[in-house]
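# Inside the fold
These are the residues of each chain, in order.
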Amino acid sequence: QVQLVESGGGLVQAGGSLRLSCAASGSISRINAMGWYRQAPGKQRELVALITSSGNTNYAYSVKGRCTISRDNAKNTVYLQMNGLNPADPAVYSCNARVAWTLIIYWGQGTQVTVSS
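Throughout what follows, the structure given in this document is the object of discussion.

How each quantity is defined
- Residues numbered from 1 in each chain as written.
- Predicted model: local features only at pLDDT ≥ 70, side-chain atom pairs only at ≥ 80, totals over all residues.
- Heavy atoms only, no water.
- 1 Å grid on protein atoms, 1.4 Å probe; cavity = no way out; pocket = protein on both sides within 12 Å on 5 of 7 lines; lining within 4 Å.
- Points joined across faces, edges and corners; volume = space filled by probe spheres on them.
- Helix = DSSP H or I, 4+ residues; strand = E, 2+ residues; numbered from the N terminus.
- Buried < 20%, exposed > 50% of the residue type's maximum accessible area, 1.4 Å probe, protein only.
- Contact = heavy atoms within 4.5 Å.
- Phe/Tyr/Trp six-rings, centres within 6.5 Å; stacked < 30°, edge-to-face > 60°.
- Lys NZ or Arg CZ within 6 Å of the ring centre and 35° of its normal.
- Pairing = 2+ DSSP bridges.
- Axes fitted to C-alpha atoms, helices over the stretch in contact; angles between N-to-C directions.
- Lys, Arg positive; Asp, Glu negative; His and termini not counted.
- Salt bridge = Lys/Arg side-chain N within 4 Å of Asp/Glu carboxyl O.

### Details of the layout of surface pockets
Each pocket or cavity is described by its volume, and for the largest pocket that value is around 250 Å³. Lining the largest pocket we find 15 residues, and of these Ile 28, Ile 31, Met 34, Arg 71 and Asn 73 sit closest to its centre. Elements that contribute at least two residues to the lining of the largest pocket include exactly strand S4 (31-39), strand S5 (46-52), strand S7 (67-72) and strand S8 (77-82). With 4 residues, S4 is the single largest residue contributor to the lining of the largest pocket.

The structure is reproduced here in structure tokens:
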């Protein structure tokens, strides 16, 4: 089992920044990739950014250049730095962890990001 706890969401003005954190615990040695996803009301959940165990990253086109995903292996934590937040960004942001060689995916509970104009 893997437990994921997100934090760092909140209310920010348009153009502002937030850093989201996702702390993993449990059987983390089995994780080969972690990602941030978001879901706005009435919309499907979409990938925001992904980082593999080897450090490769992938970003949604809508956030490329504004967001950076990173990880601190010593803290078992993945971060999502978001800059230039705009009205298209408000959503519940959730992190997930994929277990190597399986279809198992663990999810955190999510953290709300709100952007005021």
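### Quick notes on the environment of Leu 47
One can find Leu 47 in strand S5. By relative accessible area, which is 26% here, Leu 47 ends up partly exposed. Taking the C-alpha atoms as reference, Leu 47 lies 13 Å from Arg 98; in sequence the two are 51 residues apart. Leave out the neighbours within four places in its chain, and Leu 47 touches Trp 36, Tyr 37, Asn 58 and Ala 60.

### As for the packing of aromatic side chains
Enumeration according to the criterion identifies 1 aromatic pair in this entry. Ring centres of Tyr 37 and Trp 107 lie 5.1 Å apart, and the angle between their planes is 65°; on these two criteria the pair is classed as edge-to-face. On the criterion of sequence distance, the pair formed by Tyr 37 in strand S4 and Trp 107 in strand S10 (residues 105-107) is long-range, its members being 70 residues apart. One residue, Arg 19, lies across the ring of Tyr 79, its end atom 4.1 Å from the ring centre.

### Some points on the environment of Arg 19
Relative to the helices and strands, Arg 19 resides in strand S3 (residues 18-26). Residue Arg 19 is classed as partly exposed on the basis of its relative accessible area, which comes to 47%. Between the C-alpha atoms of Arg 19 and Ile 69, which are 50 residues apart in sequence, the distance is 9.6 Å. Beyond its immediate stretch of four places on either side in the chain, Arg 19 contacts Ser 7, Gly 8, Tyr 79, Leu 80 and Gln 81.

### A few points about the sheet that holds S7
With antiparallel pairing, 4 strands are arranged side by side in an open sheet as S1-S3-S8-S7. Two strands close off the open sheet at either side, each with one partner strand: strand S1 (2-7) and S7. Going from strand to strand, the sheet's axes swing by 15° on average, the running direction of each strand aside.

### Digging into the side chain of Glu 6
Residue placement: Glu 6 occurs in strand S1. Buried and unpaired, Glu 6 has Arg 45 as its nearest opposite-charge partner, separated by 8.6 Å. Beyond its immediate sequence surroundings of up to four residues, Glu 6 is in contact with Ser 21, Cys 22, Trp 36, Tyr 93, Ser 94, Cys 95, Gly 108, Gln 109, Gly 110 and Thr 111.

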